[in-house]
Amino acid sequence: MSAFAPSAPRLPRDLHPGAWWLWALGMATAASRTTNPLLLAIIVAVVALVVSARRSDAPWAQGFTAYLVVGLVIIAIRVVFRMLFDGQHGEHVLFTLPEIPLSEAAAGIRIGGPVSLEGVLAAFYDGLRLATMIICMGAANVLANPKRLLKSVPSALFEVGSAITVALTVAPQLAESAQRVARARKLRGEVGRRTRWFRQVAIPVLTDALDRSLLLAAAMDSRGYGRTAGASHASRRWTAALVVGGLLGVCVGTYGLLDATTPRVLGLPMLLTGLAVATVGFAASGSRIGRSRYRPDPWRAPEWGVAATGLAVGGLLYVTSSVDPTLLNPSLQPLQWPELPPLATVAVLLGALPSVIAPPPVRMGIDQDDTALNDTGHDGSDEATDRAPDLRGPVLR
């Protein structure tokens, strides 16, 4: 009878934010290697599935819809600009726009004129690829708490830690502030009014999001974040050169991986070299910084599984695009219907495994309407939400 007994449910806990970012970067890398709209649509569906299954109910985790809207806007802008400035890209002309004559100094630039199906599809494919990459990055912001991610930042990056915190928290806090202001206006019966919208909605949202990010940076500074011990000028210059050189190598290697036209030596080899040099610099620079962590986030088997899944998806798509790029990039000259390559499709579907591998998130059970007390919502609920996982962690684990 014990063989058929149901297994004990996994206790909820917050996954390490670094694992979510590695998974999202792998999915974004896979999206950057293809213009096939079918594959890109599958990537968006996989990301949406993981977000719906493993995001928490914290206010900053409710902004995934905003990234979807941003993706649609990017696609629309890309298509409109292509139709206005370079619409004729093939022989299947859809319609003709009024053309504006330009002087000889603007030779090669055309405004208006014929718009072909090939040109519209090329713009749609490029816009969809960029939108998919942004959605993948948005999924990382929704799934990973940026404040917990900052706890895992190497000590050598103490000087840019505040800037990283502000940059990573602006987008989630912006989505949360927009929801809070919208709920406050709804409670006051101002839904549908268009008068003074910018002053009553946009300004409170932007101010609240930026104030919260700056308050977090000030709190880090008041707690001694970045306190350094004594070190000679020569050692500081040496470690700074290693860190900066390694990070530049990582940037060049990442660009080489994302751009299929760059030489292969600027891709994975440059990325691995930059990581090695940066690691040496981090280790040397971190030795002179005294910093403690309260209850550091563990890195266990689920973290390894989520990170490995994202890296596997990105690696398989990278290898497929290097071997035969035509499988991932449908032809526009001549015009062909896009097909689903089997290997790439299976690789992308592997990206949905974190919805099963990752443990269920900690649910706060906070009523969102209780936070709509004023326009900007300075009621301290975000601080309580961020502390709640730490307070409940020992009981849940």
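Further up the page is the structure itself.
Bear in mind the structure is a predicted one, so any value in this text is a computation, not a measurement. (Residues numbered from 1 in each chain as written. Predicted model: local features only at pLDDT ≥ 70, side-chain atom pairs only at ≥ 80, totals over all residues. Heavy atoms only, no water.)

A. Representation of the overall build of the chain in the model. The helix and strand inventory of the chain stands at 13 helices and two strands. Put simply, the chain has 397 residues, and 44% of those count as buried. Within the chain, contacts between residues separated by at least 24 positions form 82% of all contacts whose residues are at least 6 apart in sequence. Surface exposure of the chain reaches about 21000 Å², of which carbon and sulfur atoms provide 68%. (Helix = DSSP H or I, 4+ residues; strand = E, 2+ residues; numbered from the N terminus. Buried < 20%, exposed > 50% of the residue type's maximum accessible area, 1.4 Å probe, protein only. Contact = heavy atoms within 4.5 Å. Areas by Shrake-Rupley, 256 points an atom, 1.4 Å probe, with all protein chains shown as cover.)

B. How the structure looks around the side chain of Ser-32. Here Ser-32 lies in helix 1 (residues 17–32). Residues contacting Ser-32, with those up to four places away along its chain left out, are Arg-129, Met-133 and Leu-258.

C. Highlighting the packing of aromatic side chains. Summed over all chains, the structure comprises four aromatic pairs. Where Phe-124 meets Tyr-125, the ring centres are 6.2 Å apart and the plane angle is 55 degrees; that geometry is what we call tilted. The class for Phe-124 is partly exposed, based on a relative accessible area of 33%. (Phe/Tyr/Trp six-rings, centres within 6.5 Å; stacked < 30°, edge-to-face > 60°.)

D. Layout of the environment of Arg-54. As for its position among the elements, Arg-54 is in helix 2 (residues 37–54). For Arg-54, a relative accessible area of 15% corresponds to the buried category. Sequence separation of Arg-54 and Val-142 is 88 residues, and the distance between their C-alpha atoms is 9.7 Å. Apart from residues lying up to four places away in sequence, Arg-54 is in contact with Arg-10, Trp-20, Leu-143, Pro-354, Ser-355, Val-356, Ala-358, Pro-359, Pro-360 and Pro-361.

E. Layout of the packing of helix 3 (residues 64–85) against helix 4 (residues 117–143). Running from amino to carboxyl end, helix 3 crosses helix 4 at an angle of 160 degrees, the nearest separation of the two axes being 8 Å. Between helix 3 and helix 4, the angle is such that the two are roughly antiparallel. Two packed elements cross with a definite hand, and for helix 3 against helix 4 that hand is right-handed. Considering only residue class, the contact of helix 3 with helix 4 consists of 19 nonpolar, five polar and three charged. (Axes fitted to C-alpha atoms, helices over the stretch in contact; angles between N-to-C directions. Parallel < 35°, antiparallel > 145°, perpendicular 65-115°, else oblique. Left-handed = near helix turned anticlockwise from the far one by under 90°. Nonpolar A, V, L, I, M, F, W, Y, C, P; charged D, E, K, R; others polar.)

F. Highlighting the pattern of salt bridges. Taken as a whole and assessed by the stated rule, the structure comprises three salt bridges. A salt bridge links Arg-13 to Glu-303, with the nearest nitrogen and oxygen atoms 2.9 Å apart. Here Glu-303 lies in helix 10 (residues 301–323) and Arg-13 lies in the segment before helix 1, a separation of 290 residues in the sequence. Here the two residues Arg-13 and Glu-303 agree in accessibility, since each one is buried. Where Asp-126 meets Arg-78, a salt bridge forms, and the shortest distance between an N and an O atom there is 3.4 Å. (Salt bridge = Lys/Arg side-chain N within 4 Å of Asp/Glu carboxyl O.)

G. A look at the nonpolar core. Counting 47 residues, the largest nonpolar core has Trp-20, Trp-23, Met-27, Ile-43 and Val-47 as its most contacted members. Listing elements by their share of this core, those giving two or more residues are helix 1, helix 2, helix 3, helix 4, helix 10 and helix 11 (342–349). Per-element accounting of this core gives the leading share, 10 residues, to helix 4. The contact partners of Trp-23, leaving out residues within four places of it in the chain, are Val-47, Val-50, Ala-139, Leu-143, Val-306, Thr-309, Gly-310, Gly-351 and Pro-354. (Core = buried A, V, L, I, M, F, W, Y, C linked by side-chain atoms within 4.5 Å.)

H. Quick look at the environment of Pro-302. Looking at where Pro-302 falls in the secondary structure, it is placed in helix 10. Sequence-wise, Pro-302 and Val-356 are 54 residues apart; in three dimensions their C-alpha atoms are separated by 9.5 Å. Setting aside chain neighbours within four positions, we find Pro-302 in contact with Arg-13, Leu-15, Ile-357 and Pro-359.

I. Up close: a nonpolar patch on the surface. On the surface, a nonpolar cluster with roughly 590 Å² of combined accessible area is contributed by Val-69, Val-73, Ile-77, Val-80, Phe-81, Leu-84 and Phe-85. In this fold, Val-73 is placed in helix 3. Assessed through its relative accessible area of 43%, Val-73 is described here as partly exposed. (Patch = residues over 30% accessible without salt bridge, like charges linked within 9 Å, V, L, I, M, F, W, Y side chains within 5 Å.)

J. Representation of helix 11 in the model. Taken together, the buried positions of helix 11 are occupied by Ala-344, Thr-345, Ala-347 and Val-348. Relative to the axis of helix 11, the buried residues are bounded by an arc of 160 degrees and lie together on one face. Residues of helix 11 that are exposed and angled more than 90 degrees away from the buried face: Pro-342, Leu-343 and Val-346. Buried residues along helix 11 sit against helix 1, helix 2 and helix 10. (Arc of directions from axis to C-beta.)

K. Expanded view of the side chain of Asn-36. The topology assignment puts Asn-36 in the loop between helix 1 and helix 2. For Asn-36, a relative accessible area of 1% gives the class buried. Excluding its chain neighbours within four sequence positions, the residues that come into contact with Asn-36 are Leu-327, Leu-328, Pro-330, Pro-338, Glu-339 and Pro-341.

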